[in-house]
Amino acid sequence: LCVDLEQRTAFAAYVAAWKIKGETEKGWDHPLDNVQFIQADLATIGAELTSTSIVVATHACNDANKLAVEMARAKGSLWAVLPCCIPNQLYLPHCSVALGDDVR
């Protein structure tokens with residue numbers, strides 16, 4: 001399940017690349033037959049998560065990364081975030097090393 005406030009052209013390019021190079025599972029129409037896009041706020045999918053879910057947030061900024069981790073942890077899901085930027089002390093407010101926002 002891919003969630004974003006709008007469907008970006010990068011998602012269509014991703015699916016198209018998998019159609020060309022990916023392997024199709026038996027009974028599937030295309031390699032990413034199990035991937036669905038929904039246009040919504042990330043917070044709306046929390047009820048969909050289970051302990052067998054894997055939450056991956058790619059280039060989700062600031063609070064979206066934090067929300068993805070919080071929702072995954074609440075359900076015991078696996079998670080990985082790949083932020084494009086992290087404001088100072090967003091995740092580790094008690095961290096002894098704080099880098100300035102100019103260091104990324």
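This text follows the structure it describes.
What you see is a predicted model, and the numbers here were worked out from it, not measured in a lab.

What counts, and where the lines are drawn
- Residues numbered from 1 in each chain as written.
- Predicted model: local features only at pLDDT ≥ 70, side-chain atom pairs only at ≥ 80, totals over all residues.
- Heavy atoms only, no water.
- Helix = DSSP H or I, 4+ residues; strand = E, 2+ residues; numbered from the N terminus.
- Buried < 20%, exposed > 50% of the residue type's maximum accessible area, 1.4 Å probe, protein only.
- Contact = heavy atoms within 4.5 Å.
- Areas by Shrake-Rupley, 256 points an atom, 1.4 Å probe, with all protein chains shown as cover.
- Patch = residues over 30% accessible without salt bridge, like charges linked within 9 Å, V, L, I, M, F, W, Y side chains within 5 Å.
- Salt bridge = Lys/Arg side-chain N within 4 Å of Asp/Glu carboxyl O.

**Student:** Quick question: what am I supposed to make of the overall build of the protein here?
**Tutor:** Helix and strand content of the protein: 2 helices and 4 strands. Along the chain direction, N to C, the helices and strands of the protein fall in the order β-α-β-β-α-β. Looking at the 104 residues of the protein, the share that counts as buried comes to 21%. Within the protein, contacts between residues at least 6 apart in sequence are counted, and of these 58% link residues at least 24 apart. Counting every atom, the protein has about 7,800 Å² of accessible surface; 54% of that belongs to carbon and sulfur.

**Student:** Even after reading the chapter, I still don't get a nonpolar patch on the surface, so can you show me in this structure?
**Tutor:** Together, Ile54, Val56, Leu78 and Leu82 make up a nonpolar patch on the protein surface, roughly 410 Å² of accessible area in all. Those elements that provide at least two residues to the nonpolar patch are strand E3 (54-58) and strand E4 (78-82). By secondary structure assignment, the location of leucine 78 is in strand E4.

None of the figures reported here should be taken as evidence of function without further support.
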